[in-house]
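What the coordinates show
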Amino acid sequence: MADLNPDQHAAVNTLAGPLLVLAGAGTGKTRVITYRIAKLIQTGITPSRILAVTFTNKAAREMRDRAQRLLGRRVKGTKPPEISTFHSLCVRILRRHARRLGYPETFSIYDRGDQETLARNALRDIRVSTGTLRPGDLLSLVGGWKNKGITPDQASSTAEGDKVELAAAAYARYQSQLKAAGAMDFDDLLLQTNRLFAEHAEARFAEATRFDHLLIDEYQDTNDLQYRIVKALADRHRNLCVVGDDDQSIYGWRGAEIAHILGFQNDWPDAKVVRLESNYRSRAPIIELANTLIAHNTTRHQKVLRPFREGGAAPRILRMEDENMEAEQVVQQIQQLMLGEADHRVPPSDIAILFRTNEQPRAFELEMRRQKIPYVLVGGLSFYDRREIRDVLAYLRVFANPSDEVSLLRVINTPARGIGSSTLEALIEYAVKEGKPLWTVLPNALEELELPTAAISRIEAFRVLIDGFRAKIGSIKLSELMRELLKTVDYRTELERLHPGPGEAESRWLAVEELVNAAALYEQREEAPTLLGFLEEATLADRDDFGDDDKRERHAVTLMTLHSAKGLEFPHVWLVGLEEGILPHQRSVLEGRGVDEERRLCYVGVTRAQDTLTLTFTKARMKWGKPRPSIPSRFLMEMRGDTERARRAGEAAEAMFRKAAEAAKQAEERAAEAPAKKKGRTLAKRR
DNA sequence: ATCAAGCTATTTTTT
DNA sequence: ATAGCTTGAT
């Protein structure tokens, strides 16, 4: 540990009591945390009594690996420190106490896709005069409520305005569907853990006494529910170390409260504070830019990054004609960099293009493909979002928890086995009337409903199929179970039927095989592999976190959003689309208070760069098929210290957006007045 | 049950 | 511009 600077040293060696580590970008935060874990263990703390919480699963894995390396080989039989995300931690807590909360131990975890299905169902047949609510809108409202611990009842009693009232009603439906399915969504994992701690003191005690040391990474992005969990787990031993950078708080829209890190010393008055301000990542001119930019935020812990690495080129700011030219020129520059001088070629993995929104990479992808430059788009459609993967996972979830209705309805006719929508409609209606999960009423339904005999025998066959596999859980290996399932339902043939295009079915089948491999790997790696454990991993995995992605990324340029770039670094960074409306995003400008967070986002982008940084903006950009002139982002002026011009740019942009928003609002009103003639018929999926 | 043509809404970030 | 849906024909 000799190679730590004095601040890092202080952060590593303050082992007892509350500690706030304010770690600026590139100041060796991860290193400090892993050293700290190692130090705790070296001073005699039992490893398994240390809990470290990270923001992503990828970060957790990396931290586990690093800590392992520092400590050398693990002694057989000793449990390692627990390093996981809040969500995984909660799953493990909740599995132990699910019954107390009225859930089965085998409760399913619903991801975004499942949530959307539920939201769609919840919104069926409800509408208001001002139009409908999209599932996504409902989910963000529901997320907000859940994060504040607001129940459906409370939501509907305080709701104002048609849309919010509608959402509150749908929230109640959504939540009761979840409950009926024995399922929790991501927010529920945190919410129910809090409920458990509040209502069952003995459970809280049991969980709080598992650990004597608690470390929380990315503390600036904890939301209220996470904050309460931290408190519940730490208030006995008080050995709480939180690490974060308020200047990098970028998840406010998801309920993260920067106030938690800003007010840490109010909660823990005896807390020590260590500031890490020596930046080892970026060249001086980049740091300079970052410092000047972030100084425009007022509510923050005072911190100034000091560059450790002197010299380096000044960041470039380039203006492009439109988004296609932007892509073309950036890709061209990247190509030149990669070809380089013969003696210093830059590998593609040293290069990243960062952007604010998910529509921006389109032009870049096109251009990269044209120029045959390998790239990875991080955060697009994840492996686990693929339909075939969701199908197989849905089977597994039904095996674990047949009340999981979203999954049950997904697989009941997949592959097509002649259980059509009218049969399903009848079954669902029956289940709703009984107020019980479809699976449990299935035998009765078959007797009582007057269904065609063919349908009855098909459903019965499906029931036998599921029961047969359920009986096998635990007695054969998970990967075996999956192979058998795929063979029994002849999934491959179904893929060929569904995707006759050349190679289509083949590539989808490969994905399925990859999933089986992932299960096999999971079994190898885990000491006590379970079906539920694998499902948890598959559901909570980060979107870009499948297989050995670094193998793929090693030879490719990275394209990703600023949000996914947090915690990463690249020698060469292009930060594109620095325009009013994109960064800062139009919505945060209009909502008034959001620009600070956008500035932090920009700061995160700038501080990813190690050696060179290029910032681009366009003169005009296509919007819905029409070109629209752009205003250069105020951040470009702020980072060069031109606060006055930045202010003017901001005002111009705001005026422009207000006008556009006004026009959009009028259009919506006109549409609402027009006779509503939509029927809103979709596949029978309840409830 | 399946598919192509036509229509439509689009305005953020994701564990 | 375009993805993602509905619709109407097989």
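Look a little higher up for the structure.
Calculation rules
Residues numbered from 1 in each chain as written. Chains lettered and ligands numbered in written order. Predicted model: local features only at pLDDT ≥ 70, side-chain atom pairs only at ≥ 80, totals over all residues. Heavy atoms only, no water. Near = heavy atom within 4 Å. Polar contact = N/O pair within 3.5 Å; in protein donor to acceptor, adjacent residues only side chain to side chain. Helix = DSSP H or I, 4+ residues; strand = E, 2+ residues; numbered from the N terminus. Nonpolar A, V, L, I, M, F, W, Y, C, P; charged D, E, K, R; others polar. 1 Å grid on protein atoms, 1.4 Å probe; cavity = no way out; pocket = protein on both sides within 12 Å on 5 of 7 lines; lining within 4 Å. Points joined across faces, edges and corners; volume = space filled by probe spheres on them. Pairing = 2+ DSSP bridges. Axes fitted to C-alpha atoms, helices over the stretch in contact; angles between N-to-C directions. Contact = heavy atoms within 4.5 Å. Expected span 1.5 Å × (residues − 1). Disulfide = S-S within 2.5 Å. Right-handed = clockwise from strand over helix to strand, strands pointing away. Buried < 20%, exposed > 50% of the residue type's maximum accessible area, 1.4 Å probe, protein only. Arc of directions from axis to C-beta. Salt bridge = Lys/Arg side-chain N within 4 Å of Asp/Glu carboxyl O.

Taken together, 22 residues surround DNA strand B, and among them Phe 55, Arg 134, Arg 356, Asn 358 and Arg 497 come closest. The sugar-phosphate portion of DNA strand B accounts for 48% of its atoms within 4 Å of the protein, the bases making up the rest. Residue Arg 587 places a side-chain N or O atom 3.3 Å away from a phosphate oxygen belonging to DNA strand B. At the level of secondary structure, the elements contributing two or more residues to the surface near DNA strand B comprise helix 27 (562-565) and helix 28 (586-590). Class assignment of the residues belonging to the surface near DNA strand B gives a composition of six nonpolar, nine polar and seven charged.

Moving on: empty space enclosed by the protein. Under the defined criterion, the tally for this structure stands at three cavities of 30 Å³ or more. Computed from the structure, the second largest cavity encloses a volume of approximately 60 Å³. Forming the boundary of the second largest cavity are Arg 95, Thr 106, Phe 107, Ser 108, Ile 109, Arg 397, Ala 400, Leu 532, Leu 535, Glu 536 and Thr 539. Residue assignment for the lining of the second largest cavity shows that the elements contributing at least two residues are strand 4 (108-110), helix 17 (387-400) and helix 25 (531-540). Here the lining of the second largest cavity gets four residues from one element, more than from any other, and that element is helix 25. When grouped by side-chain class, the residues that make up the lining of the second largest cavity number five nonpolar, three polar and three charged.

Before going further, it helps to spend a moment on the sheet that holds strand 1 (residues 19-23). Pairing is parallel in the open sheet, where six strands are placed in the order 3-2-6-7-1-8. This sheet does not close on itself; its edge strands, each paired only once, are strand 3 (82-85) and strand 8 (272-276). Taking each pair of neighbouring strands and ignoring which way they run, the sheet shows an average axis angle of 15°. Pairing geometry for strand 1 and strand 7 (residues 240-244), over four bridges, is parallel. The partner of Val 21 across the bridge, within strand 7, is Val 243. In the packing of helix 1 (residues 6-13) onto the sheet, contacts are made with strand 1 and strand 8, and the angle to strand 8 comes to roughly 145°. Helix-sheet contacts for helix 2 (residues 29-42) involve strand 1, strand 2 (50-54), strand 3, strand 6 (213-216), strand 7 and strand 8, and the interaxial angle to strand 6 is about 175°.

Turning to the environment of Ile 83, a few remarks are in order. With respect to the helices and strands, the residue Ile 83 is situated in strand 3. C-alpha of Ile 83 to C-alpha of Asn 413: the two residues are 330 residues apart in sequence and 40 Å apart in space. If sequence neighbours within four positions are ignored, Ile 83 has contacts with Ile 37, Ala 52, Thr 54, Ala 60, Met 63 and Arg 64.

Its 14 residues place the ends of helix 19 (residues 421-434) 20 Å apart at the C-alpha level, agreeing with the 20 Å of an ideal helix rising 1.5 Å per residue. In this structure, the buried residues of helix 19 make contact with helix 18 (405-411), helix 20 (438-448) and helix 21 (453-472). Immediately downstream of helix 19, the backbone of Gly 435 shows phi near 70°, a positive value.

Let us look at the state of the cysteines. Enumeration according to the criterion identifies zero disulfides in this entry. With no disulfide partner, Cys 241 has as its closest neighbouring cysteine sulfur the one in Cys 90, 19 Å distant.

As judged from the three bridges shared by strand 9 (residues 278-283) and strand 10 (residues 306-309), these two strands associate in the parallel manner. Of the residues in strand 10, the one forming a bridge with Asn 279 is Pro 307. Following the backbone out of strand 9, through helix 14 (residues 284-294) and into the adjacent parallel strand 10, one traces a crossover that is right-handed.

Looking now at helix 10 (residues 201-208). Looking only at helix 10, the buried set comprises Ala 203, Glu 207 and Ala 208. Buried residues in helix 10, looked at end-on, bunch into an arc of 125°, giving them a common side. Exposed residues lying more than 90 degrees from the buried face of helix 10 are Ala 201 and Phe 205. Where the residues of helix 10 are buried, they touch helix 4 (86-97), helix 9 (186-199) and helix 11 (224-234).

Within the structure shown, the criterion is met by 62 salt bridges. Residue Asp 224 pairs with Arg 228 through a salt bridge whose shortest N-O separation is 3.7 Å. Of the two residues, Asp 224 and Arg 228 are both situated in helix 11; the distance of four residues between them amounts to about one turn of the helix. Judged by relative accessible area, Asp 224 falls into the partly exposed class, the value being 28%. Among the salt bridges present, the one from Arg 463 reaches Glu 460, with a minimum N-O distance of 3.3 Å. Separated by three residues within a single helix, Arg 463 and Glu 460 lie in helix 21, roughly one turn from each other. Taking relative accessible area as the criterion, Glu 460 reaches 29% and is therefore assigned partly exposed. Shared partners join several salt bridges into a network, and the residues in it are Asp 111, Asp 114, Asp 385, Arg 390, Arg 397 and Asp 404.

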